[in-house]
Amino acid sequence: MLSTDTDILRTAEAWRREGRGVAIATVVETWGSAPRPVGSHLVIDEDTNFLGSVSGGCVEGAVITEALDVIADGKPRMIEFGVADETAWQVGLSCGGRIRVYVERVD
Amino acid sequence: MRLSLLSDLNAERAARRAAVLVTDTASGEQRLVREAEVETDPLAQELRDNLRRGKSGIVERDGRQFFLTVQTPPVRVVVIGAVHISQALAPMAKGLDLDVTIIDPRTAFATPERFPDVPLLPEWPDAVLPEIGIDRYTALIALTHDPKIDDPALKAALRSECFYIGALGSRKTHERRVQRLSEAGFAEADLARIHAPIGLDIGAVSPAEIAVSILAEIVATLRKDRRRSA
């Protein structure tokens, strides 16, 4: 399935109507050379199925992990990602940009 | 986000109406503001500004931070001519999240067998274009080579706010077209809106290559604010 903007939010609605736990992650702020523009969405369900993107694949894994917590407790979260630090084990953007992502549950 | 809110947002998109989802990033409180409701919203000025630019983003008001998810209608491509190029173009356009509608009164061309899963109107452009409504999120491309079919569509496009108009044909064909449209009362500045010969100059030969060049030119026009060489 192609994941255009139209598909992503429609899929979020369809998954929720099927009774799945669903979270939507949205890029709300970017600095520097961020891979996806503000407003981009990633939709995640409780089984870690996902559609869309908030980066070029660099931080999706971390966002999905966070989304599972959001689906569990219903509290929206703001997560920030910066440049990847190769000396520490952390998730980051190798492109040198910085992004803020808002993750919320579909109730 | 409440499911009903998400559902309303998707409904506005399907109806080709702009809308903004306002999220208080601290409390998670949300509301959907439809295009018609913008003026009465407390954030009217910010909403208007972001809608005009078609950009989502953070705004601040009275020490509170709001994220505006701006949803403009999906960009639509109205294709005049159920021709070979259109057959190649329709599936590519879908991958770009462009809504394609194909119009061709020649029923031998406009068949569902040639265009599976594409809205297809076997009608004259001047009969159906008023119904479809050409808005500023629409691109119109005339591909029939036949002035009887292309010209009425181009006239409707020139009278509209559509963001892109393209017409297939050589420079000579276009000179004759410009002459006909001038005689019909269109000014030089209007006619300059028509991209002809259509498409970016990538030396396209096959119908699929021409489709790529047309879609690339549509994207380039749509994203002109972002282009480095614009």
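All of these numbers come straight from a predicted model, not from anything done at the bench.

Colleague: Tell me about the domain arrangement of chain B, residues and numbers included.
Modeller: Accessible area lost upon the coming together of the parts is a frequently used measure of interface size. Domain assignment breaks chain B into domain 1 (3–71) and domain 2 (76–226). Here domain 1 of chain B and domain 2 of chain B have C-alpha centroids that lie 32 Å from each other.

Colleague: How would you explain the pattern of salt bridges if you had to name every residue and give the values?
Modeller: Residue and element names in this part refer to chain A. The tally for this structure, following the rule as stated, stands at 23 salt bridges over all chains. For the salt bridge of Glu80 with Arg98, the shortest nitrogen-to-oxygen distance reads 2.5 Å. A residue pair is termed long-range when its members are at least 10 positions apart, and Glu80 in strand β4 (residues 77–81) and Arg98 in strand β5 (residues 98–105) qualify at 18 residues. Overall, Glu80 belongs to the partly exposed group, its relative accessible area being 41%.

Colleague: Tell me about helix α6 (residues 171–183) of chain B, residues and numbers included.
Modeller: All names here are of chain B. If you check α6, its first and last C-alpha atoms are 18 Å apart, about what 13 residues at 1.5 Å a residue would give, namely 18 Å. Among all positions in α6, only His174, Arg177 and Leu181 are buried. On an axial view of α6, the arc spanned by its buried residues comes to 55°, and they lie on one face. Counted as exposed and oriented over 90 degrees from the buried face of α6: Lys172, Glu175 and Glu183. Of the surrounding elements, those touching the buried residues of α6 are α5 (147–158), β9 (164–167), α7 (188–191) and β10 (194–195).

Colleague: For the interface of chain A and chain B, give the residues involved together with the corresponding values.
Modeller: Counting residues at the interface gives 26 residues for chain A, matched by 24 residues for chain B. Together, the buried faces of chain A and chain B total about 1800 Å²; carbon and sulfur atoms form 60% of this surface. Elements supplying a minimum of two residues to the side of chain A that touches chain B: α1 (5–17), β1 (22–31) and β5 of chain A. Looking at the side of chain A that touches chain B element by element, the count peaks at eight residues for α1 of chain A.

Colleague: Can you tell me about helix α3 (residues 84–95) of chain B, naming the residues and giving the values?
Modeller: All names here are of chain B. Listing the buried residues of α3 in full gives Ile85, Ser86, Ala88, Leu89, Ala90 and Ala93. Against the buried residues of α3 lie β5 (76–80), β6 (99–103), β8 (138–142) and α8 (207–222). Of the residues one or two after α3, Asp97 is the one with positive phi, at around 65°.

Colleague: I'd love a proper account of the nonpolar core, names of residues and values included.
Modeller: Nonpolar side chains in soluble globular proteins tend to end up buried together. Residues and elements named next belong to chain B. Formed by 29 residues in total, the largest nonpolar core has its most connected members in Ile102, Ile141, Leu143, Ile214 and Ile218. Of all elements in the fold, only β5, α3, β6, β8 and α8 reach the threshold of two or more residues within this core. Not counting the four nearest positions on each side in its chain, Ile214 is found in contact with Ile85, Leu89, Ile141, Leu143, Ile198 and Gly199. Counting residues in each nonpolar core, the second largest holds 20 residues, with Ile134, Leu140, Cys162 and Leu181 among its members.

Colleague: So what about the pairing of strand β3 (residues 57–61) of chain B? Which residues, and what values?
Modeller: Sheet analysis places β3 of chain B next to strand β4 (residues 64–71) of chain B, joined by five bridges and oriented antiparallel. What sits directly across from Arg61 of chain B, in β4 of chain B, is Arg64 of chain B.

Colleague: An account of the packing of α3 of chain B against α8 of chain B is needed here, citing residue identities and associated values.
Modeller: Two quantities define a packed helix pair, namely the angle between the axes and the distance from one axis to the other. Residues and elements named next belong to chain B. Following both chains from N to C, one finds α3 and α8 inclined at 55°, their axes separated by 8 Å at the closest point. With respect to α8, the axis of α3 lies oblique. Remark: the crossing between α3 and α8 carries right-handed chirality. Contact with α3, carried on its side by His84, Ile85, Ala88, Leu89, Met92 and Ala93, involves Pro207, Ala208, Ile210, Ala211, Val212, Ile214 and Leu215 of α8 and no other residues of that element. For the contact of α3 with α8, a count of residues per class yields 12 nonpolar, one polar and no charged.

Calculation notes
- Per-chain numbering applies: the sequence of each chain, read as written, is numbered from 1 onward.
- To label them, take the chains in the order written and letter them from A, then take the ligands in the order written and number them from 1.
- Reporting in this predicted model follows two pLDDT cut-offs: at least 70 for local features of residues, and 80 or more for side-chain atom pairs to be given and counted; totals over whole chains, interfaces and linings ignore these cut-offs and use all residues.
- Heavy atoms throughout the structure, all of them, feed into the side-chain values; hydrogens and water do not.
- For the domains described, the bounds stem from an automatic or database domain assignment.
- Any carboxyl oxygen of Asp or Glu that lies within 4 Å of a side-chain nitrogen of Lys or Arg is treated as forming a salt bridge with it.
- Labels follow the DSSP assignment, with helices taken as runs of H or I lasting at least four residues and strands as runs of E lasting at least two, numbered in each case from the N terminus.
- For every residue, the accessible area obtained with a 1.4 Å probe (protein chains only) is divided by the maximum for its type, and the residue is called buried under 20%, exposed over 50%, and partly exposed between those limits.
- How far a helix is expected to stretch is found by multiplying one less than its residue total by 1.5 Å.
- Think of the arc as the fan of directions from the helix axis to the C-beta atoms.
- In what follows, a contact means two residues having at least one pair of non-hydrogen atoms within 4.5 Å.
- Once two parts are brought into contact, the accessible area they lose, counted with a 1.4 Å probe and summed over both, makes up the buried area.
- Nonpolar cores are built from buried Ala, Val, Leu, Ile, Met, Phe, Trp, Tyr and Cys residues. Side-chain atoms within 4.5 Å join them into one set.
- Here a strand pair is declared whenever DSSP counts at least two bridges between the two strands.
- Fitted lines through C-alpha atoms serve as axes, helices being fitted only where they are in contact, and the angles separating the N-to-C directions of these axes extend from 0 to 180 degrees.
- The scheme is simple: roughly parallel for angles under 35 degrees, roughly antiparallel for over 145, roughly perpendicular for 65 to 115, oblique for anything else.
- By definition, any crossing whose near helix is turned counterclockwise from its far helix by less than a right angle is left-handed, and any crossing with a clockwise turn is right-handed.
- All residues other than Ala, Val, Leu, Ile, Met, Phe, Trp, Tyr, Cys, Pro, Asp, Glu, Lys and Arg, Gly among them, are scored as polar; the first ten of these are nonpolar and the last four charged.

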